Amino acid sequence: MKKILTILALAFALAAPALAQNTTQKINKKNLVIKEWNTEPRSGKKVLDHVTTFDADGKKIEEIEYGSEGQKWRKRFEYGADGKCVKEMVYNDRNKLETVKKYEYNEFGRKKTQYNYNAKGKLLTIKVFEYIAEDA
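Peer 1: Quick question: what am I supposed to make of the overall build of the protein chain here?
Peer 2: For the protein chain, the helix and strand inventory stands at one helix and eight strands. Along the protein chain, from the amino end to the carboxyl end, the secondary structure elements read α-β-β-β-β-β-β-β-β. Sorting the 136 residues of the protein chain into buried and exposed places 21% on the buried side. Partitioning the intrachain contacts of the protein chain with sequence separation of at least 6 by distance along the chain shows that 7% fall at a separation of at least 24. Surface accessibility of the protein chain: about 10,600 Å² in total, with carbon and sulfur atoms responsible for 53%.

If you want it as structure tokens, here you go:
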């Protein structure tokens, strides 16, 4: 019995830093900007590929993808009082609004409905999310 308790204590001691590290990563998203770079193998030239920006609460507020000619697209995110994303605006390579996605959530906090609008506010499509839990 003593050996089992010693093994469990050791396992917990080794796992605790890993658990703490995961918590720290979430905190570090506050006011964080992540830049992703592609590097050409022959020349070593770095080319900006993607930029993701988080606000003071750690929520993603902007995402931009770049290509060799510059910006490909940009997305801005807005959040409701409950902290869930309620609106996503997609801009083209010239920073012109192309589409707006609005989200509704079910009582479990999962996406229920996504409404897709064009830049003029005309409803284009509605996506409904269905969650099916299968018994194990």
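Okay, back to it.
Peer 1: It is not clear to me how the pairing of strand β4 (residues 70-79) should be interpreted in this structure. Could you clarify?
Peer 2: Relative to β4, strand β3 (residues 60-67) runs antiparallel, the two being bridged by six bridges. Paired with Y66 across the strands is Q71, a residue of β4. Between β3 and β4, which pair antiparallel one after the other, the connecting turn spans two residues. Note that β4 and strand β5 (residues 85-91) share six bridges and pair antiparallel. Bridged to Y79 within β5 is C85.

Peer 1: Got a minute to help me understand the side chain of D49 in this structure?
Peer 2: With respect to the helices and strands, D49 occurs in strand β2 (residues 46-54). It is K72 that comes nearest to the buried, bridge-free D49 among opposite-charge side chains, at 5.9 Å. Within the structure, D49 has its side chain in polar contact with the side chain of N38 (distance 3.3 Å). Not counting the four nearest positions on each side in its chain, D49 is found in contact with E36, W37, N38, I64, E65 and Y66.

Cut-offs used in this document
Residues numbered from 1 in each chain as written. Predicted model: local features only at pLDDT ≥ 70, side-chain atom pairs only at ≥ 80, totals over all residues. Heavy atoms only, no water. Helix = DSSP H or I, 4+ residues; strand = E, 2+ residues; numbered from the N terminus. Buried < 20%, exposed > 50% of the residue type's maximum accessible area, 1.4 Å probe, protein only. Contact = heavy atoms within 4.5 Å. Areas by Shrake-Rupley, 256 points an atom, 1.4 Å probe, with all protein chains shown as cover. Pairing = 2+ DSSP bridges. Lys, Arg positive; Asp, Glu negative; His and termini not counted. Salt bridge = Lys/Arg side-chain N within 4 Å of Asp/Glu carboxyl O. Polar contact = N/O pair within 3.5 Å; in protein donor to acceptor, adjacent residues only side chain to side chain.

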